[in-house]
Amino acid sequence: SAVISQKPSRDICQRGTSLTIQCQVDSQVTMMFWYRQQPGQSLTLIATANQGSEATYESGFVIDKFPISRPNLTFSTLTVSNMSPEDSSIYLCSVVQGANEQFFGPGTRLTVL
Amino acid sequence: GENVEQHPSTLSVQEGDSAVIKCTYSDSASNYFPWYKQELGKRPQLIIDIRSNVGEKKDQRIAVTLNKTAKHFSLHITETQPEDSAVYFCAASGGSGYSTLTFGKGTMLLVSP
């Protein structure tokens, strides 16, 4: 499976600031997603990162809060904007390979004070 | 949209016993059902999956069964070992082409030596 990396691995941020998370894959992939995993909870899909076009957001998530870029088939960024303590979560990117198998990056642990 | 229910939320077994985790889904069009294992502080790892044209799939000590009529699928782990201790998530996706994964809430499995 593809090797997926994320930067940063963790960060502590102040309320009202923004953080951009990077996801890098070692091979070209068509489908890439961003998930949020709140402490002790399941995974919730934020959006599908579409290469060359605007991301597709799930209900409850908006572009102004979570802008996403996908400049090519190996890279994407997720920005968490105007952060509040409720945004403290693990953010994971994932990619699809093979016959729809989905693989996850190592995650970015975000704490907002 | 799809809704996935997972039970139990926690499961404690003795080493060597079997463990069964059950999931139900709501969308009859769903046709792909993966299971993920997430150890503490790690990313979710795909451990086994099943598609709607198959009723059962095995991989060493783990197996998954699917009942499309009843819209439920289960993960079976035999001869459990302490290293099986983790949170397990089921998921479902379906429709034509690739569609997004909807996750269950997770099962924390504890295997005691």
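This one's a predicted model, so the numbers in the text were calculated from it and none came from an experiment. (Residues numbered from 1 in each chain as written. Chains lettered and ligands numbered in written order. Predicted model: local features only at pLDDT ≥ 70, side-chain atom pairs only at ≥ 80, totals over all residues. Heavy atoms only, no water.)

**Some words on the pairing of strand β7 (residues 68-72) of chain A**
Residue and element names in this part refer to chain A. Across three bridges, the pairing between β7 and strand β8 (residues 75-80) is antiparallel. Paired with N72 across the two strands is F75, which belongs to β8. Here β7 folds back onto β8 in antiparallel fashion, the turn holding two residues. (Pairing = 2+ DSSP bridges. Helix = DSSP H or I, 4+ residues; strand = E, 2+ residues; numbered from the N terminus.)

**Notes on the interface of chain A and chain B**
Counting residues at the interface gives 21 residues for chain A and 17 residues for chain B. Together, the buried faces of chain A and chain B total about 1500 Å²; carbon and sulfur atoms form 56% of this surface. Counting across the chain A and chain B interface gives one salt bridge. Counting across the chain A and chain B interface gives five residue pairs in polar contact (both at pLDDT 80 or more). Counting residues per element, the ones that place at least two in the side of chain A that touches chain B are β4 (32-37), β5 (43-49), β9 (89-97) and β10 (101-104) of chain A. Among the elements that line the side of chain A that touches chain B, the one with the most residues is β10 of chain A, at four residues. A per-class count over the side of chain A that touches chain B returns twelve nonpolar, seven polar and two charged. (Contact = heavy atoms within 4.5 Å. Buried area = accessible area lost by both parts, 1.4 Å probe. Salt bridge = Lys/Arg side-chain N within 4 Å of Asp/Glu carboxyl O. Polar contact = N/O pair within 3.5 Å; in protein donor to acceptor, adjacent residues only side chain to side chain. Nonpolar A, V, L, I, M, F, W, Y, C, P; charged D, E, K, R; others polar.)

**Points about the sheet that holds strand β3 (residues 19-25) of chain A**
Adjacent strands of a sheet pair through backbone hydrogen bonds, lying either parallel or antiparallel. All names here are of chain A. Reading across from one edge, β1-β3-β8-β7 is the order of the four strands in this open sheet, with antiparallel pairing throughout. Lying at the two open borders of the sheet, with one neighbouring strand each, are β1 (4-7) and β7. Strand-to-strand twist of the sheet, defined as the mean angle between neighbouring strand axes without regard to direction, takes the value 15°. By the bridge criterion, four bridges tie β1 to β3 in an arrangement that is antiparallel. Counted as the bridge partner of I4 is V25 from β3. (Axes fitted to C-alpha atoms, helices over the stretch in contact; angles between N-to-C directions.)

**Examining the pattern of salt bridges**
Considering all chains together, one arrives at four salt bridges over all chains under this definition. For E101 of chain A, the salt bridge is made with R51 of chain B, and the minimal N-O distance between the two is 3.4 Å. Of this pair, E101 of chain A sits in strand β10 while R51 of chain B is found in strand β5 (residues 45-51), placing the two residues in two different chains. Residue K57 of chain B is joined to D49 of chain B by a salt bridge in which the shortest nitrogen-to-oxygen separation is 2.9 Å. Accessibility expressed as a relative area gives 36% for K57 of chain B, which makes it partly exposed. The class for D49 of chain B is buried, based on a relative accessible area of 7%. (Buried < 20%, exposed > 50% of the residue type's maximum accessible area, 1.4 Å probe, protein only.)

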